[in-house]
Structure formats: structure tokens, C-alpha cells
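Topology and contacts: notes
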Amino acid sequence: MYLTPQHVLLAGATGLTGEHLLDRLLNEPTITRVLAPSRRPLAEHPHLENPVGEPAEVLPSLAGPVDIAFCCLGTTIKKAGSEQAFRAVDLDLVVAFAKRARELGARHLIVISALNADAKSSIFYNRVKGEMEAALKAQDWPQLTICRPSLLLGDRVEPRLAEQLAGPLSKLIPGKYHGIEACQLARAMWRLALEEEDGMRVVESDELRKLGK
């Protein structure tokens, strides 16, 4: 019998989607512990454990048990400063987080990737996301759920000009290219956490929007 997750590990809790997901998790009556490492402190909550520090220092210190892991890590090349720095977050850090989550006992990983992720893509961003997906698949998770949202919509602490300009247009595009609200994505990720489906599942943006309603 599949049991609702009680012990959760969350990476990226200070990001646009991660903030919504953290709020959701802390308000779920079945969850007794949310372990959410971050670079800056989060608001206190009786069910929240928040180790603060650089990922390389914090990851080895994390302790289980963990039933499920959510990964909302991600940056932009502009914010990271270079393609190499972008890869360090969106590929290397994601893979390291997943490895540690598996070591702590998590059997299900739900991770945010990107629309058109493809390890063979000529587009750098899509290629890195595809390489990340391939690396996670190679970890042989009992259950791996890859979310591929389109343009994320919502109020960021640090607004991104490209997203502000493309956001209104993305709402007019049909299918999986239609923009998705971060709160919708967070709701969809929690619903996916309650599903028992061994193996890898890729969920495109149009399906994520339906799940997040």
C-alpha cells in the first residue's frame, strides 16, 4: 500500500516555485517534517528544518529519514554569470542533491526541468536541462518525475525582464507552450507526489497546468 509522504526534502525553497511548494507542504496535515536547506534563512515553522549555508557544505550534513524529494533548483545564465556557473547549479547541484536524497532514503524524486529539454539540443539551456534529466535517470530512482514547465509566471523577488515581456504573450499560446503560474506548478508537484507509478515519468506543461488547477 502506498503511503502519503511524511518526511520531505526540498531544494530551492527560496525560488518562485519553491516558495509556493514550501507553503503547501507546511500546511499539509500528513507531513511531519520538511527538510529545506537554503543559502538564507526561511521563516520558522514547527515542521520545518532549515540548514543554512552553501550547498557543498550543507548537503553532506543532511539527515534522514526522507520519503520524497522535491528539487526546484534553477538559475539563469545572466544571474549565474557564465555558462559554466549555470551548469554548476542546473546540472551539478541538482544531481548532487538527488544523490544525497537517495542516500537519505527517498524513493521518489520530483524535479523541475524545462520545456524542450534535450541532451542533444543545439540550444545551451535546453541541452543542460536534458543532460540533467539523463543524469538523474542514471541514478536508477524507483520513481522519478520530471516536470517540464513552459514560461513560469509569478512575482519574483528579483524580476526578470525577459519573463515580464514574454509573460503576457505566453498566455495566448496553446498547448504545452502556454505559460504556467508558479503556484499551479507547485500544486501539480504535490499532486504528483501522491501518485504511485514506478519508473520515470515526464510531465509536460499543459498537463502540469491541468494538475495544478
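Above: the structure in question.
Please read all numbers here as calculations on a predicted model, not as lab measurements.

How each quantity is defined
Residues numbered from 1 in each chain as written. Predicted model: local features only at pLDDT ≥ 70, side-chain atom pairs only at ≥ 80, totals over all residues. Heavy atoms only, no water. Helix = DSSP H or I, 4+ residues; strand = E, 2+ residues; numbered from the N terminus. Contact = heavy atoms within 4.5 Å. Areas by Shrake-Rupley, 256 points an atom, 1.4 Å probe, with all protein chains shown as cover. Pairing = 2+ DSSP bridges. Axes fitted to C-alpha atoms, helices over the stretch in contact; angles between N-to-C directions. Parallel < 35°, antiparallel > 145°, perpendicular 65-115°, else oblique. Left-handed = near helix turned anticlockwise from the far one by under 90°. Nonpolar A, V, L, I, M, F, W, Y, C, P; charged D, E, K, R; others polar.

What about the overall build of the chain?
A tally of helices and strands in the chain yields 8 helices and 9 strands. Counting only contacts in the chain whose residues sit at least 6 apart along the sequence, the fraction spanning at least 24 positions is 69%. On the chain, roughly 10700 Å² of surface is accessible, and the fraction owed to carbon and sulfur atoms is 53%.

Digging into the sheet that holds strand E1 (residues 7-11)
Overall, parallel pairing links the 7 strands, which are arranged E3-E2-E1-E4-E5-E6-E9 in an open sheet. Single-partner strands in this sheet number two, and they are strand E3 (48-49) and strand E9 (199-204). The sheet contact formed by strand E4 (residues 68-71) and strand E5 (residues 108-112) spans 4 bridges and is parallel. Across the sheet, the residue bridging to Ala69 is Leu109, located in E5. Each of E1, E4 and E5 touches helix H4 (residues 83-103); the most contacted strand, E4, lies at about 170° to it. Across the sheet, helix H7 (residues 182-193) lies against E4, E5, strand E6 (143-148) and E9, angled at about 160° from E5, the strand it touches most.

A short note on the packing of helix H1 (residues 16-26) against H7
Running from amino to carboxyl end, H1 crosses H7 at an angle of 50°, the nearest separation of the two axes being 8 Å. Taken together, the axis directions place H1 and H7 in an arrangement best described as oblique. H7 is crossed by H1, and the crossing has right-handed handedness. Two secondary-structure elements touch here, H1 through Leu16, Thr17, His20, Leu21, Arg24 and Leu25 and H7 through Ala182, Cys183, Leu185, Ala186, Arg187, Met189 and Trp190. Class assignment of the residues belonging to the contact of H1 with H7 gives a composition of 9 nonpolar, 2 polar and 2 charged.

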